[in-house]
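# Remarks on the overall topology
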Amino acid sequence: MQSRKGGGFSFVMRYIYGPVSSRRLGVSLGISLTPHKTCPFDCVYCQLGATTDKTLERSAYVPSADIIAEVRAWLDANPGRIKGLSYITLSGAGEPTLHTEISALISGIKKMSSVPVAVITNSCLMVDAQVRKELLQADLIVPSLDAASDEVFARIDRPLPGTRVEEIIEGLVGLRKEYHGKIWLEIMLVKGYNDDIRHIRKLKEAVERINPDQVHLNSPVRSTAEKNIGPVDEAKLKQIAEMLGDKAQII
Ligand code: SF4
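Below is a short write-up of the structure.

Parameters at a glance
- Residues numbered from 1 in each chain as written.
- Predicted model: local features only at pLDDT ≥ 70, side-chain atom pairs only at ≥ 80, totals over all residues.
- Helix = DSSP H or I, 4+ residues; strand = E, 2+ residues; numbered from the N terminus.
- Rg over C-alpha atoms; globule rule 2.2 N^0.38 Å.
- Buried ≥ 20, exposed ≤ 12 C-beta atoms within 10 Å, placed from the backbone.
- Contact = placed C-beta atoms within 7 Å.
- Axes fitted to C-alpha atoms, helices over the stretch in contact; angles between N-to-C directions.
- Parallel < 35°, antiparallel > 145°, perpendicular 65-115°, else oblique.
- Nonpolar A, V, L, I, M, F, W, Y, C, P; charged D, E, K, R; others polar.
- Near = placed C-beta within 6 Å.
- Pairing = 2+ DSSP bridges.
- Right-handed = clockwise from strand over helix to strand, strands pointing away.

### Details of the overall build of the protein chain
Within the protein chain, the secondary structure is distributed over 8 helices and 12 strands. Relative to a compact globule of 251 residues, whose C-alpha radius of gyration would be 18 Å, the protein chain shows 18 Å and is just as compact. Overall size of the protein chain, expressed as C-alpha extent along the three principal axes, is 60 × 35 × 35 Å. Taken across its 251 residues, the protein chain has 40% of its residues classed as buried. For the protein chain, long-range pairs separated by at least 24 residues make up 72% of all intrachain contacts whose partners lie at least 6 apart in sequence.

Below, the structure written as structure tokens:
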């Protein structure tokens, strides 16, 4: 999609957003691979509202050729901004690993620029060896893990029935063995949901098994669609970071 503006061309982007700045990823150009809130989870802290298409079904949700064309257009239109990008990030308003052509998208983007490609995932599909294989060319994977027991998992991430967090943890252990890029595990800590110290001990065991390069602890500070969702206080966050060891940092 293209429109003339001020004598030059400006592109109306459908899949690309940003660049956005974050402490976690620096300056990142985002790409959304699914329609809004197409996700196997419905996390209580989600800033995008309630999940409208709760699914584990993989599909070419948006045309890969159109995504590649948009990235090409953005790179051509912004040569001076490319150097400032830390990552081109597959993420967006749903779960990117639901897209069946994610592997071709990662390699297609990497052919167009030297900017590292990151994938942000809720980890649900890491149980599938085929999906893990499709991510191998990414430079960075940022998987989430909010729970280490099915009870906490059901309360905080509200997955599709039958999803077992132990299987997801095993999938992440598999990812670590198969993937040679960086893994930054993200844990969203929500007051009263997953911050109980006994649960943190279980999470610590899971983190040690997964062995990511870094562990990022986050807590919801912006407003969420769900009521009564609050951040864990600073002192407790520090205590949890200490419990989780040297790789853990509060983001
Ligand atoms: S996994 Fe991400 S997009 Fe899906 S509900 Fe949770 S926070 Fe929202």
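Once you've had a look at it, read on.
### Digging into the packing of helix α6 (residues 165-178) against helix α7 (residues 197-210)
Interaxial distance between α6 and α7 falls to 8 Å at its minimum, and their mutual angle equals 30°. Taken together, the axes of α6 and α7 are roughly parallel relative to one another. Of the residues in α7, those touching α6 at Ile169, Leu172, Val173 and Arg176 are Ala206, Arg209 and Ile210. Looking at the contact of α6 with α7 residue by residue, the classes come out as 5 nonpolar, no polar and 2 charged.

### Quick word on the site of the ligand
Near the ligand the following residues occur: Cys39, Phe41, Asp42, Cys43, Cys46, Leu48, Thr51, Glu95 and Asn122. Split by residue class, the shell around the ligand holds 5 nonpolar, 2 polar and 2 charged.

### Details of the sheet that holds strand β3 (residues 16-22)
Taken together, 8 strands build an open sheet; the order of strands is β3-β4-β7-β8-β9-β10-β11-β12 and the sheet is mixed. Strands with a single pairing partner mark the edges of an open sheet, and in this sheet they are β3 and β12 (248-250). Geometrically, the sheet is characterised by an average inter-axis angle of 25° between neighbouring strands, direction not taken into account. Examined bridge by bridge, strand β7 (residues 87-91) and strand β8 (residues 117-121) share 3 bridges and lie parallel to one another. The partner of leucine 90 across the bridge, within β8, is valine 119.

### As for the pairing of β7
Of all 5 residues in β7, 5 are buried; the element is thus mostly enclosed. Across the two faces of β7 the burial is the same, with Tyr87, Thr89 and Ser91 and Ile88 and Leu90 all buried. In the sheet, strand β4 (residues 26-32) pairs with β7 via 5 bridges, with the strands oriented parallel. Residue pairing in the sheet places serine 28 in a bridge with tyrosine 87 of β7. As for the winding sense of the linkage, the β-α-β connection from β7 through helix α3 (residues 102-112) to β8 is right-handed.

### Some remarks on the pairing of β8
Of all 5 residues that make up β8, 5 are buried, and the element is covered over most of its length. Of the two faces of β8, the one lined by Val117, Val119 and Thr121 and the one lined by Ala118 and Ile120 are each fully buried. Each parallel crossover has a hand, and the one from β8 via helix α4 (residues 129-134) to strand β9 (residues 140-143) is right-handed.

### What about the environment of phenylalanine 153?
Turning to its location among the elements, phenylalanine 153 is positioned in helix α5 (residues 150-156). Assessed through the 21 C-beta atoms surrounding it within 10 Å, phenylalanine 153 is described here as buried. Along the chain, phenylalanine 153 and isoleucine 88 lie 65 residues apart, while their C-alpha atoms are 29 Å from each other. For phenylalanine 153, the contacting residues outside a window of four places in its chain are Ala147, Pro159 and Val165.

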